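Survey of secondary and tertiary structure
Here's the letter readout for the chains.
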Amino acid sequence: AQYPISELMKFGGEVYGVDLVEWPSPYTKTFICDLNNDALPFESESIDAVTMGCTLAHLAKPLKLLAEVQRVLRPGGVLILTSPNPHYYWETVLNVFYNHFKKRVSKSKHIEHFFEFTRYTMRTSLERAGFTLVKELGSTFHLVKFGWKFDVEKFPALAFEIIYVAEKTGEPDPYT
C-alpha cells in the first residue's frame, strides 16, 4: 500500500499517525484520537512538521485542531495540509445542477464534509491559528467528462484540491 507520508519516512526520525480508528500503518506509532474533542497526544513544541490530507473538511471544529497543531509544533515548525477546492469547476456544476446530480454524488460529500474552505478562508484560518502561509499549490485540474488531467501547480484556483504549506510564526487568536 502507498501511504502519503512514506516520502517523509525516508528522512529518518519518528513519524507518528493520528487517527480515529486503529488500522495497520507504517508509522512509528499511531495514536487513536478524536480530532473534534481530544487534545493531540504530544507535548507542546515537540513536533517538527505536521501533515493533514483533507482532514479539516471532516471536522466540526477545524480552528480548534489548527490551534492544537500550532501548540505541538516547535517554533518555525511546518504544517502541510490539503483541502478540496470549493470553487473547482465541477463543484460549481454540482451546485448549479444539484437536483440532477444529488443521487450521483458520493455520500461522503453529504455526510462527512462539514466545511469547504475557499483559499481566502483557509488563509484567514491559518493566520488566526498562528501560522503564516508559505506556499499554495494546486494538485490537479481534471475535466471529468473527457478524462483529461492538467498539472495546475502554479494555478491553485483551478485545482480540484489545494495544498497549503504554512509555518508556525505566532500564537492562535483567543477564540480559536
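Presented here is a report on the structure given in the accompanying data block.

Conventions used here
Residues numbered from 1 in each chain as written. Predicted model: local features only at pLDDT ≥ 70, side-chain atom pairs only at ≥ 80, totals over all residues. Heavy atoms only, no water. Helix = DSSP H or I, 4+ residues; strand = E, 2+ residues; numbered from the N terminus. Buried < 20%, exposed > 50% of the residue type's maximum accessible area, 1.4 Å probe, protein only. Contact = heavy atoms within 4.5 Å. Areas by Shrake-Rupley, 256 points an atom, 1.4 Å probe, with all protein chains shown as cover. Pairing = 2+ DSSP bridges. Axes fitted to C-alpha atoms, helices over the stretch in contact; angles between N-to-C directions. Core = buried A, V, L, I, M, F, W, Y, C linked by side-chain atoms within 4.5 Å. Phe/Tyr/Trp six-rings, centres within 6.5 Å; stacked < 30°, edge-to-face > 60°.

For the rest of this paragraph, the subject is the overall build of the chain. Of the regular secondary structure elements, the chain holds 6 helices and 8 strands. Of the regular secondary structure in the chain, the N- to C-terminal order runs α-β-β-β-α-β-α-α-α-α-β-β-β-β. Here the chain holds 176 residues, and the buried ones make up 36% of them. Counting contacts in the chain only where the partners sit at least 6 residues apart, residues at least 24 apart contribute 67% of the total. Working note: accessible area of the chain is about 11,000 Å², and carbon and sulfur atoms make up 58% of it.

So, on to the sheet that holds strand E3 (residues 47-53). With respect to topology, 4 strands assemble into an open sheet ordered E3-E4-E8-E5, the strand pairing being mixed. The open sheet has two edge strands, E3 and strand E5 (131-138), and neither has a second partner. Geometrically, the sheet is characterised by an average inter-axis angle of 15° between neighbouring strands, direction not taken into account. Pairing geometry for E5 and strand E8 (residues 161-168), over 7 bridges, is antiparallel.

Here we come to the nonpolar core. Ranked by internal contacts, the top residues of the largest apolar core, which has 25 residues, are Leu56, Leu79, Leu81 and Leu126. Going through the elements one at a time, E3, helix H2 (62-72), strand E4 (73-84), helix H6 (119-128) and E8 are the ones with two or more residues in this core. For this core, the leading source of residues is H2, giving 4 residues. Not counting the four nearest positions on each side in its chain, leucine 126 is found in contact with Leu66, Leu79, Leu81, Phe131, Leu133, Tyr164 and Ala166.

Right, let's talk about the packing of aromatic side chains for a bit. A full pass over the atoms with the stated rule returns 3 aromatic pairs. For the ring pair tyrosine 16 and phenylalanine 31, a centre distance of 5.8 Å and an interplane angle of 55° mean the geometry is tilted. Of this pair, tyrosine 16 sits in strand E1 (residues 16-19) while phenylalanine 31 is found in strand E2 (residues 29-32), placing the two residues 15 residues apart along the sequence. The class for phenylalanine 31 is buried, based on a relative accessible area of 18%. Ring centres 5.1 Å apart and planes at 80° place the aromatic pair phenylalanine 31 and phenylalanine 42 in the edge-to-face group. Here the residue phenylalanine 31 occupies a position in strand E2, and phenylalanine 42 occupies one in the loop between E2 and E3, the gap between them amounting to 11 residues. Both residues of the pair, phenylalanine 31 and phenylalanine 42, count as buried. Put simply, the rings of Tyr16, Phe31 and Phe42 pair up and form one aromatic cluster.

Moving on: the environment of alanine 129. By the secondary structure assignment, alanine 129 is in the loop between H6 and E5. In contact with alanine 129, not counting residues within four places along its chain, are Leu66, Ala67, Gln70, Glu171 and Pro172.

Time to look at H2. Of all the 11 residues making up H2, 8 are buried; the element is thus mostly covered by neighbouring parts of the structure. Inspection of H2 places Pro62, Leu65, Leu66, Ala67, Glu68, Val69, Gln70 and Val72 among the buried residues, and these make up the whole buried set.

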